[in-house]
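Close look at the chain arrangement
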Amino acid sequence: LQPTGNITLGNYIGAIRQMKNLQEEYDSYIFVADMHAITVPQDKKNLVNNTRSLIAIYLACGINPDKNTIYIQSENPYHANLSWILECNTYFGELSRMTQFKDKSLKHQNFSSGLLTYPVLMAADILIYDADYVPVGKDQKQHLELARDIAERFNKKYGETFKIPEPIISFDGNDILIKDLQNPLVKMSKSAENKKGVILLLDDLEVTRKKIMSATTDSEMRVVYDVENKPGISNLMNIYRSVTGKTFE
C-alpha cells in the first residue's frame, strides 16, 4: 500500500486482512510503496510520517513480523534498477491503455511520466522476488496481467529469467471491492474529495457510525444483493459480510 494519507476500511478488507490470512500459509514479502506514492507530489515530512504510520497499522492489524518480510520499497535500490530494464521492454501503448492511468491522468492535467510508467515499477516489485503468487483485487488484476506479459516477453528475448506469477484473488474466494459510501459506483479511496464516503481505519467509532448511517442507498424498501440495480445497498452488504464473516443468506 502507498503511504499517502490514512488507510481506509477498503484497504483493510481488500489487502491487509488478506495479508494476515495468507501469512499462515505462505512466505510473504510486504512493503510500503513509498516510490509509488511520488507519482503525484508529496510533502516530504508527511511521506515519512505516513510510512511509519502504515507499518504500525500493518502490525496493529495482525501482520506478524516473524512470519513476513516487511520493508520499505525505496530501501531496496533494485526495484528502480529493474524497473528501468523492464521499461525498455514495455510498449507505450500497453501503458497508455491501463485503466488507472486513464482515470488518474484525467484528474491531473500536468501529470508526471511516473504516472504512466508506475505499472512497470509494480512489475519489478513482483518479479524481483521470484514471486509465485500475488494477492490482487479486482482493480489490480490488469497490473498483474501486464507484469506477466512483460516477464514472458523478456524470457522469450533473453532466456528464462523471471518466474511467471499467478494471482490469488481473495482468501475466502470472493473478489470484494469496497465502494464509496456516498458514490457506490466508485471504489472507496483515501483521496476522495467527499470524506463522508470513506471509512478510515483510525476513524472514531461515532464518526464511522455517522458515515454508515448517511450512506447512499435507494428508495426501495428491500435489502437484496444486486450490484447493478442496488449498488448502495450491495456495498453496505459487502462491508457487513466482510467484517462479520456472515453470508448474504
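Scroll up to find the structure.
Residues numbered from 1 in each chain as written. Predicted model: local features only at pLDDT ≥ 70, side-chain atom pairs only at ≥ 80, totals over all residues. Heavy atoms only, no water.

Here's the deal with the overall build of the protein chain
Rules: Numbering goes from the N terminus for both helices and strands, where a helix is a DSSP run of H or I of at least four residues and a strand is a run of E of at least two. C-alpha atoms define the radius of gyration in this analysis, and the globule rule sets the expected value at 2.2 Å times the number of residues to the power 0.38. The contact criterion used is simple: two residues touch if any of their non-hydrogen atoms lie within 4.5 Å.
From N to C terminus, the protein chain includes ten helices and four strands. In summary, the protein chain has a C-alpha radius of gyration of 19 Å against a globular reference of 18 Å for 249 residues, a match within 12%. With the principal axes as the frame, the protein chain shows a C-alpha extent of 60 × 45 × 40 Å. Within the protein chain, counting contacts between residues at least 6 apart in sequence, those at least 24 apart form 66% of the total.

What to know about the nonpolar core
Let me state the cut-off plainly: Here the nonpolar core consists of buried residues drawn from Ala, Val, Leu, Ile, Met, Phe, Trp, Tyr and Cys, with membership extended through side-chain atoms lying within 4.5 Å. For the exposure calls, accessible area comes from a 1.4 Å probe over protein chains only, and a residue counts as buried if that area is under 20% of its type's maximum, exposed if over 50%, partly exposed in between.
Counting residues in hydrophobic clusters, the biggest one holds 23 residues, and the most contacted among them are L9, I16, Y58 and M188. For this core, the secondary structure elements donating two or more residues are α1 (9-22), β1 (28-32) and α3 (44-60). Per element, the largest residue contribution to this core is six residues, and it comes from α1. Setting aside chain neighbours within four positions, we find M188 in contact with T8, L9, G10, I178, K179, D180, L181, G197, V198 and I199.

With respect to the pairing of β1
Test applied: Paired strands, in this sense, are two strands between which DSSP finds at least two bridges.
Most of β1 sits out of view: four of its five residues are buried. The pairing of β1 with strand β2 (residues 68-72) spans five bridges and is parallel. Across the sheet, the residue bridging to F31 is Y71, located in β2.

Section: the environment of D130
The topology assignment puts D130 in the loop between α7 (113-127) and β3 (133-135). Note: C-alpha distance between D130 and I164 (34 residues apart in sequence) is 8.0 Å.

Section: the side chain of N68
Cut-off, in case you're wondering: N or O atoms closer than or at 3.5 Å make up a polar contact, with two conditions inside protein: a donor-capable atom paired with an acceptor-capable one, and, for residues adjacent in sequence, both atoms drawn from side chains.
Relative to the helices and strands, N68 is located in strand β2. Among the polar contacts made by the side chain of N68, one reaches the side chain of Q23 at a distance of 2.7 Å. Once residues within four sequence positions are removed from consideration, N68 is found in contact with Q23, S28, I30 and I63.

A word on helix α10 (residues 231-244)
Here is the rule we go by: Here, expected helix span is obtained from the residue count minus one, scaled by 1.5 Å.
When the terminal C-alpha atoms of α10 are compared, their 20 Å separation across 14 residues agrees well with the 20 Å that a helix rising 1.5 Å per residue should span. Every buried residue of α10 is listed here: G232, I233, S234, N235, M237, N238, I239, R241 and S242. Residue G245 follows α10 closely and has a positive phi angle near 80°.

Observations concerning helix α4 (residues 78-87)
The criterion, for reference: Taking the helix axis as origin, the arc is that swept by the directions to the C-beta atoms.
Taken as a whole, α4 has its buried residues at H79, L82, S83 and L86. The buried residues of α4 occupy one face: seen down the axis, they fall within an arc of 110°. If you follow the buried residues of α4, they end up packed against β2, α7 and α8 (141-158).

Comments concerning the pattern of salt bridges
Rules: In the sections that follow, a salt bridge refers to a side-chain nitrogen of Lys or Arg positioned within 4 Å of a carboxyl oxygen of Asp or Glu.
Using the criterion set out here, one finds nine salt bridges in the structure. A salt bridge links K67 to E24; its shortest N-O distance comes to 2.8 Å. Here E24 lies in the loop between α1 and β1 and K67 lies in the loop between α3 and β2, a separation of 43 residues in the sequence. Residue K67 is classed as partly exposed on the basis of its relative accessible area of 37%. In this structure, the salt-bridge partner of D132 is K163, at a minimum N-O distance of 3.0 Å. Here D132, found in the loop between α7 and β3, pairs with K163, found in the loop between α8 and β4 (166-168); they are 31 residues apart in sequence, far enough to count as distant. What makes D132 partly exposed here is its relative accessible area of 42%. Within the structure, one salt-bridge network assembled from shared partners comprises D218, E220, R222 and K230.

Examining the side chain of H79
Along the chain, H79 falls in helix α4. With relative accessibility at 0%, the residue H79 sits in the buried group. Here the side chain of H79 touches D125 through a polar contact of 2.7 Å, side chain to side chain. For H79, the contacting residues outside a window of four places in its chain are Y71, Q73, L121, A124, D125, I128 and Y129.

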